[in-house]
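Chain residues, written in single-letter form:
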Amino acid sequence: MVKGVMFDFSGTLLRCESVEEWLGAVLAEAEVPVDGAEFADWVRRLTECGALPGGPSPQRISPGLEGLWHERDLSPDQHRAAYSTLIEEAGLPRAELTQALYDRHKAPAAWRPYPDTGATLRALRRRGIPVAVVSNIGWDLRPVFRAHDLDGLVDAYVLSCELGTQKPDPAIFRAACDALGLSPSDVLMVGDNRVADGGAEALGCPVHFVDHLPVGRRPAGLTPVLDLLG
């Protein structure tokens, strides 16, 4: 019987804004005027480079970036360096926007909960089922949960950049189970990445996968989680 639940963050509980929204927000804040054709070109470049954390994956990783890319979630410095490099590789004519673009993706306004996130977390709270958020990430996501009134529904955060290891390493799931005070076989892992989140199976955790889709295109992706609790 499941006694606790671990959730992934991006693509599972919340989803980042689109590349268009991300770039548009930064340009508006910086008061940089860009016409429609140029804006579309910048969006295309950033998308191809995978420059938005939590957004589309890079179409290719340059040889010099491969090592940093695979370890980007182990520390804030590595994460910033990896994604700043990808932004720079997009070759926007306004290089001074690199820092603003990187910083924007960490803003609570850049993230939206899936429609069933709050309802699912509240239902788990009513049932007395503790919840941990387990994320490969290079920054502190707690302010995002606070801004969306979800923080009070989470009992523990286990973040790769704080622990120094990342999914699918079983150690990160073990740390989350320990934080919940439960055996791995009693804790359900819910995520969207079959490799990263599937690493919990090595500990004996049951795993449930959801689709990594835009917020408006994933109907009731978390609802089956409650059914799995019996």
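Description of the structure in this document. (Residues numbered from 1 in each chain as written. Predicted model: local features only at pLDDT ≥ 70, side-chain atom pairs only at ≥ 80, totals over all residues. Heavy atoms only, no water.)

**Observations regarding the environment of Val 215**
Here Val 215 is to be found in the loop between strand S7 (207-209) and helix H10 (223-228). In the structure, Val 215 is positioned 200 residues away from Arg 15 in sequence and 6.2 Å away in space, judged by C-alpha atoms. Filtering out sequence-adjacent residues up to four positions away, Val 215 remains in contact with Arg 15, Arg 112, Pro 113, Tyr 114 and Pro 115. (Helix = DSSP H or I, 4+ residues; strand = E, 2+ residues; numbered from the N terminus. Contact = heavy atoms within 4.5 Å.)

**Concerning helix H9 (residues 170-180)**
When H9 is considered as a whole, its buried residues turn out to be Ile 172, Phe 173, Ala 176, Cys 177 and Leu 180. What you see down the axis of H9 is that its buried residues fit within an arc of 140°, all on one side. On its buried face, H9 sits against strand S1 (4-7), strand S4 (131-135), strand S5 (156-159), helix H8 (160-163) and strand S6 (187-191). For H9, the capping residue at the N-terminal end is Asp 169, with a side-chain oxygen 2.9 Å from the backbone nitrogen of Ala 171. With its phi angle positive at about 70°, Gly 181 sits one or two positions after the end of H9. (Buried < 20%, exposed > 50% of the residue type's maximum accessible area, 1.4 Å probe, protein only. Arc of directions from axis to C-beta. Polar contact = N/O pair within 3.5 Å; in protein donor to acceptor, adjacent residues only side chain to side chain.)

**Focus on the pattern of salt bridges**
Tallied over the full model, the rule gives 13 salt bridges. Among the salt bridges present, the one from Arg 112 reaches Glu 21, with a minimum N-O distance of 2.7 Å. Of this pair, Arg 112 sits in strand S3 (residues 111-113) while Glu 21 sits in helix H1 (residues 19-30), placing them 91 residues apart in sequence. Classification of Glu 21 by relative accessible area gives partly exposed; the value is 33%. Between Arg 125 and Asp 155 there is a salt bridge, and its shortest N-O distance comes to 3.1 Å. (Salt bridge = Lys/Arg side-chain N within 4 Å of Asp/Glu carboxyl O.)

**Points about the packing of H1 against helix H2 (residues 36-49)**
Where H1 contacts H2, the axes come no closer than 10 Å and their chain directions differ by 120°. With respect to H2, the axis of H1 lies oblique. Here the hand of the crossing between H1 and H2 comes out right-handed. Where H1 approaches H2, its residues Val 19, Glu 20, Trp 22, Leu 23, Gly 24 and Leu 27 are matched on the opposing element by Phe 39, Trp 42, Val 43, Leu 46 and Thr 47. For the contact of H1 with H2, a count of residues per class yields eight nonpolar, two polar and one charged. (Axes fitted to C-alpha atoms, helices over the stretch in contact; angles between N-to-C directions. Parallel < 35°, antiparallel > 145°, perpendicular 65-115°, else oblique. Left-handed = near helix turned anticlockwise from the far one by under 90°. Nonpolar A, V, L, I, M, F, W, Y, C, P; charged D, E, K, R; others polar.)

**Points about the packing of aromatic side chains**
On inspection of all chains with the given rule, the structure shows six aromatic pairs. For the pair Trp 111 and Trp 139, a centre-to-centre distance of 6.2 Å together with 45° between the ring planes defines the contact as tilted. Taken together, the residues Trp 111 in strand S3 and Trp 139 in the loop between S4 and helix H7 (142-147) connect sequence positions 28 residues apart. Taken as a pair, Trp 111 and Trp 139 share a single burial class, namely buried. (Phe/Tyr/Trp six-rings, centres within 6.5 Å; stacked < 30°, edge-to-face > 60°.)

**A short note on the layout of surface pockets**
The volume enclosed by the largest pocket comes to roughly 740 Å³. Those elements that provide at least two residues to the lining of the largest pocket are helix H3 (66-70) and helix H4 (76-89). Partitioning the lining of the largest pocket into residue classes produces 13 nonpolar, 13 polar and seven charged. Empty space within the second largest pocket amounts to approximately 180 Å³. Considering the residues around the second largest pocket, the lining is formed by 13 residues, among which Arg 15, Cys 16, Glu 17, Ser 18 and Pro 214 are closest to the centre. (1 Å grid on protein atoms, 1.4 Å probe; cavity = no way out; pocket = protein on both sides within 12 Å on 5 of 7 lines; lining within 4 Å. Points joined across faces, edges and corners; volume = space filled by probe spheres on them.)

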